[in-house]
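One letter stands for each residue in the lines below.
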Amino acid sequence: GVLRGWLPGVAVSEVPPALAVRPGPVPLDERGGVVVVAAEGHDVIGGHEDAALRALADVIPSVRLRAGEEVECTVVADRPTPMLAQACEAAGARVTGSADLEAILGRARVVLAAHTFGAGQPAVLAACLEAGTPFVCTPYAAADLGLGTLAGAALCAAPADMATRTTQLLTDDGRWAAVTAEAA
């Protein structure tokens, strides 16, 4: 490199940077679909499975009626239960593992977390904030994640309200940009 040219005969070592440089958020026109994270790195159990089943049965069908049948739904589950696998198949949702969860969240148009009990998914939602990906979630899903002013746009409990907000984020670029800017 440059130092070797300036300092001939001196041993020069290259040290990689201590921090990885992350690219900025994926632009809106390169994003698509709804992502439901059922479980990361372990068996799907309890609250996560219930949330995914609820999203697939009670929210995604309404979203597709409003936004179009072509809306892609991806469920992240490393080891889905037979019940979850059947629900994904019935809903036309794709199942994928969590090995590349950060990229999956970063390419999603919206993330949906329909928890009705349990510890929720505050770490997944925090990763969404980092990726610039809006989400629609229940208060259980957000757990103790301090959403501040974003809570008004993200939190809702009824499946019909979740479908409305998810559809808005899928179809209204201005709304998507406003929620993303508020989250930044």
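Please refer to the structure higher up on the page.
Residues numbered from 1 in each chain as written. Predicted model: local features only at pLDDT ≥ 70, side-chain atom pairs only at ≥ 80, totals over all residues. Heavy atoms only, no water.

Asks: Help me get a handle on the packing of helix H2 (residues 46-67) against helix H8 (residues 159-171), residues and values and all.
Replies: Where H2 meets H8, the closest approach of the two axes is 9 Å, and the angle between their N-to-C directions is 45°. Between H2 and H8, the crossing angle belongs to the class labelled oblique. Every pair of crossing elements has a handedness; the one defined by H2 and H8 is right-handed. Together, Arg-54, Asp-58, Val-59, Ser-62, Val-63, Arg-66 and Ala-67 of H2 and Pro-159, Ala-160, Met-162, Ala-163, Thr-164, Thr-166, Thr-167, Leu-170 and Thr-171 of H8 make up the contact between the two elements. In terms of residue class, the contact of H2 with H8 is made up of eight nonpolar, five polar and three charged. (Axes fitted to C-alpha atoms, helices over the stretch in contact; angles between N-to-C directions. Helix = DSSP H or I, 4+ residues; strand = E, 2+ residues; numbered from the N terminus. Parallel < 35°, antiparallel > 145°, perpendicular 65-115°, else oblique. Left-handed = near helix turned anticlockwise from the far one by under 90°. Contact = heavy atoms within 4.5 Å. Nonpolar A, V, L, I, M, F, W, Y, C, P; charged D, E, K, R; others polar.)

Asks: Residue-level account of the side chain of His-115, with values.
Replies: The residue His-115 is located in the loop between strand S4 (110-113) and helix H5 (122-131) in this model. A relative accessible area of 2% places His-115 in the buried class. (Buried < 20%, exposed > 50% of the residue type's maximum accessible area, 1.4 Å probe, protein only.)

Asks: Quick rundown of the pattern of salt bridges? Include the residues and the values.
Replies: For the structure shown, the criterion picks out two salt bridges. We note a salt bridge from Glu-72 to Arg-94, for which the minimum N-O separation is 3.8 Å. One end of the pair, Glu-72, is in the loop between H2 and strand S2 (73-79); the other, Arg-94, is in strand S3 (residues 94-96), and 22 residues separate them in sequence. As a salt-bridge pair, Asp-173 and Arg-109 come within 2.9 Å of each other at their nearest N and O atoms. Pair noted here: Asp-173 is in helix H9 (residues 173-183) and Arg-109 is in the loop between helix H4 (101-107) and S4, with a separation of 64 residues, a long-range link. (Salt bridge = Lys/Arg side-chain N within 4 Å of Asp/Glu carboxyl O.)

Asks: So what's going on with helix H3 (residues 82-91)? Residues and values would help.
Replies: Those residues of H3 that sit buried are Leu-84, Cys-88 and Ala-91. Across the axial projection of H3, the buried residues extend over an arc of 75°, all falling on one side. Residues Pro-82, Gln-86, Glu-89 and Ala-90 are exposed on H3 and point more than 90 degrees away from its buried face. Following H3 by one or two positions, Gly-92 adopts a phi angle in the positive range, close to 70°. (Arc of directions from axis to C-beta.)

Asks: Could you give me a rundown of the packing of H8 against H9, with the residues and numbers involved?
Replies: It is at 5 Å that the axes of H8 and H9 come closest, and there the two elements cross at 105°. Compared by their axis directions, H8 and H9 come out roughly perpendicular. Contact residues: H8 offers Gln-168, Leu-169 and Thr-171, while H9 offers Asp-173, Arg-175, Trp-176 and Val-179. Tallied by class, residues from the contact of H8 with H9 come to three nonpolar, two polar and two charged.

Asks: Outline unusual backbone geometry, listing residues and values.
Replies: Non-glycine residue Ala-143 carries a positive phi angle of around 45°. Within the secondary structure layout, Ala-143 lies in the loop between helix H6 (139-142) and helix H7 (151-154).

Asks: Residue-level account of H9, with values.
Replies: Within the span of H9, buried status applies to Trp-176, Val-179 and Thr-180. Seen along its axis, H9 keeps its buried residues to an arc of 100°; they face one direction. At its buried positions, H9 is contacted by H7 and H8. Capping of H9 at its N-terminal end is provided by Asp-172; its side-chain oxygen lies 3.0 Å from the backbone amide nitrogen of Gly-174. (Polar contact = N/O pair within 3.5 Å; in protein donor to acceptor, adjacent residues only side chain to side chain.)

Asks: I'd like a description of the nonpolar core, backed by residues and values.
Replies: Within the largest apolar cluster, 49 residues are counted, with the highest numbers of intra-cluster contacts made by Val-35, Leu-56, Val-75, Leu-84, Leu-105, Leu-112 and Phe-135. The greatest single-element share of this core, amounting to seven residues, is contributed by H2. Setting aside anything within four residues of it in sequence, one finds Leu-56 in contact with Pro-61, Cys-73, Val-75, Leu-84, Ala-87, Cys-88, Ala-91 and Ala-93. (Core = buried A, V, L, I, M, F, W, Y, C linked by side-chain atoms within 4.5 Å.)

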